[in-house]
Amino acid sequence: MYQFVSVLVILVSIMLVLIVLVQNSKGGGLASNFSASNQVMGVRKTADFLEKATWSLASGLLVLAFVSVMVLPRGEMQSGAAIDEEIQNMNVPSQELPDFGVGGEDAAGDSL
């Protein structure tokens, strides 16, 4: 089910990108092709269709995002990641840090 919803999300996203690319912010785009003729889909009706298609696809993408979270397979997830287990099982070597003489004494043991 999750794969099906993922494919739907990809298809809706591609359609949304194509609809947005057809539009032109200054009234051009697909609507400019019909400006000279007086057809069923005139300039205004084409712009309305593109706007409604954009809003419909955007809301559909939002709904599909919520549905994909709900159908996310949870049984296959582990309680912790493999890297977390390795970090917990890692042995930290105990070694002394070198003394660089910052503590107020030089190498001969005299105080500074």
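Residues numbered from 1 in each chain as written. Predicted model: local features only at pLDDT ≥ 70, side-chain atom pairs only at ≥ 80, totals over all residues. Heavy atoms only, no water.

Draft legend 1. Here's a closer look at the overall build of the chain. The number of helices and strands found in the chain is three helices and zero strands. When its helices and strands are written in sequence order, the chain yields α-α-α. Excluding contacts between residues fewer than 6 apart, the proportion of contacts in the chain whose partners are at least 24 apart in sequence is 62%. As displayed, the chain has an accessible area near 9500 Å², and 63% of this comes from carbon and sulfur atoms. (Helix = DSSP H or I, 4+ residues; strand = E, 2+ residues; numbered from the N terminus. Contact = heavy atoms within 4.5 Å. Areas by Shrake-Rupley, 256 points an atom, 1.4 Å probe, with all protein chains shown as cover.)

Draft legend 2. Inspection of the side chain of Thr54 at higher detail. Tracing the sequence through the fold places Thr54 in helix α2 (residues 43-70). On the basis of relative accessible area, Thr54 is assigned to the buried category, the value being 17%. Within the structure, the side chain of Thr54 is placed 2.7 Å from the side chain of Gln23, a separation counted as a polar contact. When neighbours within four sequence positions are excluded, Thr54 is seen to be in contact with Leu16, Ile19, Val20 and Gln23. (Buried < 20%, exposed > 50% of the residue type's maximum accessible area, 1.4 Å probe, protein only. Polar contact = N/O pair within 3.5 Å; in protein donor to acceptor, adjacent residues only side chain to side chain.)

Draft legend 3. Focus on the side chain of Ser68. Structurally, the position occupied by Ser68 is in helix α2. Not counting residues up to four positions away in its chain, the partners in contact with Ser68 are Tyr2 and Val5.

Draft legend 4. Main features of the nonpolar core. Core analysis: the largest hydrophobic core is formed by eight residues, namely Val5, Val12, Leu16, Ile19, Leu50, Ala53, Leu57 and Leu64. Listed by contribution, the elements that provide at least two residues to this core are α1 (2-22) and α2. Residue contacts for Leu16: discarding those within four places in its chain leaves Thr54, Leu57, Ala58 and Leu61. (Core = buried A, V, L, I, M, F, W, Y, C linked by side-chain atoms within 4.5 Å.)

Draft legend 5. Highlighting the confidence of the model for the chain. Summarising the model, the chain shows a mean pLDDT of 75, and 66% of its residues fall at 70 or more. Looking over the chain, one finds the lowest element-wise mean pLDDT in helix α3 (residues 82-89), namely 77, and the highest in α1, namely 92. (pLDDT = per-residue confidence, 0-100.)

Draft legend 6. Structural detail: α1. For α1, built from 21 residues, the straight-helix expectation of 30 Å at 1.5 Å per residue is met to within 8% by its first-to-last C-alpha distance of 30 Å. Val5, Val12, Leu16 and Ile19 are the residues of α1 that are buried. Down the axis of α1, the smallest arc covering the buried residues is 65°, so these residues share one side. Away from its buried face by more than 90 degrees, α1 exposes Gln3, Ile10 and Leu21. (Expected span 1.5 Å × (residues − 1). Arc of directions from axis to C-beta.)

Draft legend 7. Here's a closer look at the environment of Pro73. Inspection of the secondary structure puts Pro73 in the loop between α2 and α3. By relative accessible area, which is 33% here, Pro73 ends up partly exposed. As a C-alpha pair, Pro73 and Met1 span 72 residues in sequence and 9.0 Å in three-dimensional space.

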